[in-house]
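# Working through the structure, step by step
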There are 2 protein chains.
Amino acid sequence: MAGMDALTAIAEPTRRRIVDALRTRECSVTDLVTMLRMSQPAVSKHLRVLREAGVVTASTRAQQRIYRLNPAPFRELDAWLAPYRQLWTRHLAALEEHLNERDKP
Amino acid sequence: MAGMDALTAIAEPTRRRIVDALRTRECSVTDLVTMLRMSQPAVSKHLRVLREAGVVTASTRAQQRIYRLNPAPFRELDAWLAPYRQLWTRHLAALEEHLNERDKP
DNA sequence: CTGCTTTATGCCTTGACGGTTATATAACCG
DNA sequence: CGGTTATATAACCGTCAAGGCATAAAGCAG
């Protein structure tokens, strides 16, 4: 019942591997277990964290639980990143400025 | 000597506060200490982590060390996020499709 | 109902991390 | 030089989370 935010959840290396896997196609738990070469409980626990953070959603199909990504937190992350974009555009602008300045004899 | 990656470094709540503060203007350590209302050693340690992850750079000015953001990791984060963008564009497309379908009697 | 498969939970150990106080290092000022 | 400011490091502690194994729970097959 922790409720950690999406970014913190995604940051963990193993969970990022899970997220990267789910990006291309939805997966069952055993799918992920074989991909990550980790114990099933470990994977289930990571999935629980991701679920409670709203990063993934699960649906039941027969005995399997199919996990897929939830777009929302990625949009949020994108929104958070937005104001940082001018960071490197400004950087490039400064660089260009510098080059122009240098070419003037 | 850990060498954690940028995303993991940024994910930590306190460090995200530092990064958010540095986004608008560069800061000295004491600046950050007063902002975060935390002990100076704690701030210095977080700055060390951010430094080793390449998130920030430091320069010396008198006795102060001025910290500023390094654009690179944010570009990397943006690049990592890029393939996820189609996640919500697809999502929107599907939604629109669904609405169109529903309007046909 | 009895297995069989798939997933979730409980318990435990271990290692890492965030925070503190105390101290070292470094750069300025007089 | 001595003193003061600014930052980094050391030593320590409490907490927490990630991983393991064992076990429960849930859904299907026969």
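See the structure above.
Attention here is on the structure that accompanies the text. (Residues numbered from 1 in each chain as written. Chains lettered and ligands numbered in written order. Predicted model: local features only at pLDDT ≥ 70, side-chain atom pairs only at ≥ 80, totals over all residues. Heavy atoms only, no water.)

## Description of the overall build of chain A
Summing up its helical and strand segments, chain A has 5 helices and 3 strands in all. Its helices and strands in sequence order give chain A the pattern α-α-β-α-α-β-β-α, from N to C terminus. When contacts within chain A are restricted to residue pairs at least 6 apart in sequence, long-range pairs at least 24 apart make up 47% of them. Summed over all atoms, the accessible surface of chain A reaches about 6400 Å², with 53% contributed by carbon and sulfur. (Helix = DSSP H or I, 4+ residues; strand = E, 2+ residues; numbered from the N terminus. Contact = heavy atoms within 4.5 Å. Areas by Shrake-Rupley, 256 points an atom, 1.4 Å probe, with all protein chains shown as cover.)

## What to know about the protein's contact with DNA strand C
Taken together, 23 residues surround DNA strand C, and among them Thr30, Gln40 and Tyr67 of chain A together with Lys45 and His46 of chain B come closest. The sugar-phosphate backbone supplies 62% of the atoms of DNA strand C found within 4 Å of the protein. Interatomic distance of 3.4 Å between a side-chain N/O atom of Lys45 of chain A and a base nitrogen of DNA strand C. Measuring from a phosphate oxygen of DNA strand C, one finds a backbone N or O atom of Arg65 of chain A at 3.3 Å. Among the elements of the structure, helix 3 (29-36), helix 4 (40-52) and strand 3 (64-69) of chain A together with helix 2 (13-24) and helix 4 (40-52) of chain B are those that each provide at least two residues to the surface near DNA strand C. Per-element tally for the surface near DNA strand C: the top contributor is helix 4 of chain A, with 5 residues. Along the lines of polarity and charge, the residues of the surface near DNA strand C split into 7 nonpolar, 10 polar and 6 charged. (Near = heavy atom within 4 Å. Polar contact = N/O pair within 3.5 Å; in protein donor to acceptor, adjacent residues only side chain to side chain. Nonpolar A, V, L, I, M, F, W, Y, C, P; charged D, E, K, R; others polar.)

## What about the interface of chain A and chain B?
Contacts between the two partners involve 24 residues from chain A and, on the opposite side, 24 residues from chain B. Across the chain A/chain B interface, buried area totals approximately 2500 Å², and carbon plus sulfur atoms make up 70% of it. Sorting the residues of chain A by area buried against chain B places Arg23, Tyr84 and Trp88 of chain A first, and these three jointly supply 23% of that buried surface. Applying the counting rule to chain A against chain B returns 4 salt bridges. Salt-bridge contacts for Arg85 of chain B lead to Asp78 of chain A; the nearest nitrogen and oxygen are separated by 2.2 Å. Run the count over chain A and chain B and you get 11 residue pairs in polar contact (both at pLDDT 80 or more). Counting residues per element, the ones that place at least two in the side of chain A that touches chain B are helix 1 (6-11), helix 2 (13-24) and helix 5 (71-103) of chain A. For the side of chain A that touches chain B, a count of residues per class yields 14 nonpolar, 2 polar and 8 charged. (Buried area = accessible area lost by both parts, 1.4 Å probe. Salt bridge = Lys/Arg side-chain N within 4 Å of Asp/Glu carboxyl O.)

As far as function goes, none of this settles anything; it's purely spatial.
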